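Results of the structural survey
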Amino acid sequence: AGAVAVLNKEKNFKDYQQVYNAIAEKVRDQDDADDGAGRYGLLTRLAWHSSGTYDKNTNTGGSYNGSMIYSPESTDGENAGLEVARDFLVEFHYLFPWLSRGDLWTLGGVVAVQECGGPKIPWRPGRKDLEDRKKVPENGNLPDASRDADYVRKVFTRLGFDERETVALIGAHCLGKCHTDRSGYDGPWGPSFNMFTNDFYVRLLQNWHVRKWDGKKQYEDDETSSFMMLPTDYALKEDSKFLKYVKMYAEDQDLFFKDFSKAFSALLEKGIEYPKDVKPFEFKTLDEQED
Ligand code: HEM
Ligand SMILES: Nc1c([N+](=O)[O-])cnc2ccccc12
């Protein structure tokens, strides 16, 4: 059976908005971090990887248990660098001891997307920290960036997403950057990675070439050589079915925002059963609360 959300009767919207605000203030304080990318990409990736272990065929993995602190998940090469994200958030575990790791890590992703101009991400608490180490998912479910379109389709089908949702989710690659000491990929280098926009798709439709360097195969844009794409990013334009949605989102940022909001919210809840009357929270951004 899936993991059933455990709702804390003493905590309500106001308490979770307070956690949101505390995380958002710290993110804002670190806007210069990571060569100007800030923490938006890093926290979005933590929320994604804590959820991306989900397997719809066995109804295992996902964000519920906050299991990334345990091996083998903690040492999965695909999670390299996410200890920086977990360390960034750990103080809020002590500030708000009633919040589980799974709730904290997924809420961090909601803060990250919303605080850099992205759409509202509906979010529900109720994840419970793992007691039984045997429930830590095996490595191998988080995707490898060197692969092709069919591999990407397989990964997101296993997660329970269709092609349109797959393309919408990968649009989060408008945020943040690659780190040679984490994934081995490198860049981008332009100041374009701390705002949530449809730029990923607009750029992907421009002209690219394989970068000549001593690192992993990746793409570089013909015009400025200041952007990069992973092989799995580039695969989205090489595959006619994915390309249809790349063009759709490149032409319509509002549609991208609507689809991303729905798919990312669903990603963060994969494998979790909620009582049907539990409505998601929609948090205000810091800007929206400024008096
Ligand atoms: C085929 C699927 C995907 C692959 C192979 C992939 C791979 C990667 C790789 C290799 C990095 C660089 C990590 C580093 O060196 O720091 C990265 C970064 C990132 N990924 Fe993905 N990713 C995928 C899908 C997604 C999805 C679905 C999301 C979110 C919804 C996402 C969000 C991010 C973000 C925000 C970053 C920047 C992290 C930072 O700035 O530290 N990715 N991804
Ligand atoms: N900023 C990024 C772009 N981009 O187009 O700016 C493309 N792909 C990425 C893959 C992983 C992390 C960041 C990316």
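Nothing here was measured: the structure is a model prediction, and the numbers come from that model.

1. Observations regarding the layout of surface pockets
In this structure, the largest pocket spans a volume of roughly 1000 Å³. Together, 49 residues line the largest pocket, and R45, W48, H173, C178 and L230 are the ones closest to its centre. The set of elements that each furnish at least two residues to the lining of the largest pocket consists of α2 (40-51), α5 (149-158), α6 (163-170), α7 (199-204), β4 (228-229), α8 (231-238) and α10 (253-267). Examining the composition of the lining of the largest pocket, we find that six residues originate from one element, α2, more than from any other. The class makeup of the residues in the lining of the largest pocket is 27 nonpolar, 13 polar and nine charged. Two domains each provide a minimum of three residues to the lining of the largest pocket, namely domain 1 (3-142 + 261-290) and domain 2 (149-254).

2. Quick word on the site of ligand 2
Inspection of the region around ligand 2 gives H173, L175, G176, K177, C178, P188, F200, R203, M228, M229, L230 and D233 as its neighbouring residues. R203 is positioned such that a nitrogen or oxygen atom in its side chain is 2.8 Å from an oxygen atom of ligand 2. Contact between ligand 2 and D233: a nitrogen atom at 2.9 Å from a side-chain N or O atom of the residue. Expressed as a share of its isolated accessible area of 330 Å², the protein-covered part of ligand 2 is 95%. In a pocket analysis with a 2 Å cut-off to the grid points, ligand 2 is assigned to the largest pocket. Listed by contribution, the elements that provide at least two residues to the shell around ligand 2 are α7 and β4. Here the shell around ligand 2 is built from residues that sort into seven nonpolar, two polar and three charged.

3. A look at the confidence of the model for the protein chain
Low pLDDT means the predicted coordinates in that region are not meant to be read closely. On average, residues of the protein chain carry a pLDDT of 96, and 99% of them reach 70 or more. The weakest mean pLDDT in the protein chain belongs to strand β1 (residues 3-4) at 94; the strongest belongs to α6 at 99. Interface confidence in the predicted complex, given as ipTM, is 0.99; pTM for the same model is 0.98.

4. So, the pattern of salt bridges
A complete count under the given rule lists 19 salt bridges for this structure. Taking the shortest distance from any N to any O, the salt bridge between D150 and R153 comes out at 3.4 Å. Of this pair, D150 and R153 both sit in helix α5, three residues apart, which is roughly one turn of that helix. A salt bridge links R203 to D199, with the shortest nitrogen-to-oxygen separation between them at 3.7 Å. Here the residue R203 and the residue D199 both occupy positions in helix α7, the gap between them amounting to four residues, near one helical turn. Residues joined by salt bridges that share partners form a network here, namely D150, R153, E163 and D239.

5. Describing the site of ligand 1
Around ligand 1 lies a shell of 23 residues, among which H173, G176, K177, H179 and S183 are the nearest. A distance of 3.3 Å separates a nitrogen atom of ligand 1 from a polar side-chain atom of W48. Contact between ligand 1 and H179: an oxygen atom at 2.6 Å from a side-chain N or O atom of the residue. Applying the majority rule of atoms within 2 Å of the grid points places ligand 1 in the largest pocket. Considering each element in turn, the shell around ligand 1 owes the most residues, five residues, to α2. A per-class count over the shell around ligand 1 returns 12 nonpolar, seven polar and four charged. When residues of the shell around ligand 1 are assigned to domains, at least three map to each of domain 1 (3-142 + 261-290) and domain 2 (149-254).

Reading the values: the criteria
- Residues numbered from 1 in each chain as written.
- Chains lettered and ligands numbered in written order.
- Predicted model: local features only at pLDDT ≥ 70, side-chain atom pairs only at ≥ 80, totals over all residues.
- Heavy atoms only, no water.
- 1 Å grid on protein atoms, 1.4 Å probe; cavity = no way out; pocket = protein on both sides within 12 Å on 5 of 7 lines; lining within 4 Å.
- Points joined across faces, edges and corners; volume = space filled by probe spheres on them.
- Helix = DSSP H or I, 4+ residues; strand = E, 2+ residues; numbered from the N terminus.
- Nonpolar A, V, L, I, M, F, W, Y, C, P; charged D, E, K, R; others polar.
- Domains from an automatic or database assignment.
- Near = heavy atom within 4 Å.
- Polar contact = N/O pair within 3.5 Å; in protein donor to acceptor, adjacent residues only side chain to side chain.
- Areas by Shrake-Rupley, 256 points an atom, 1.4 Å probe, with all protein chains shown as cover.
- Sits in = over half its atoms within 2 Å of the grid points.
- pLDDT = per-residue confidence, 0-100.
- Salt bridge = Lys/Arg side-chain N within 4 Å of Asp/Glu carboxyl O.

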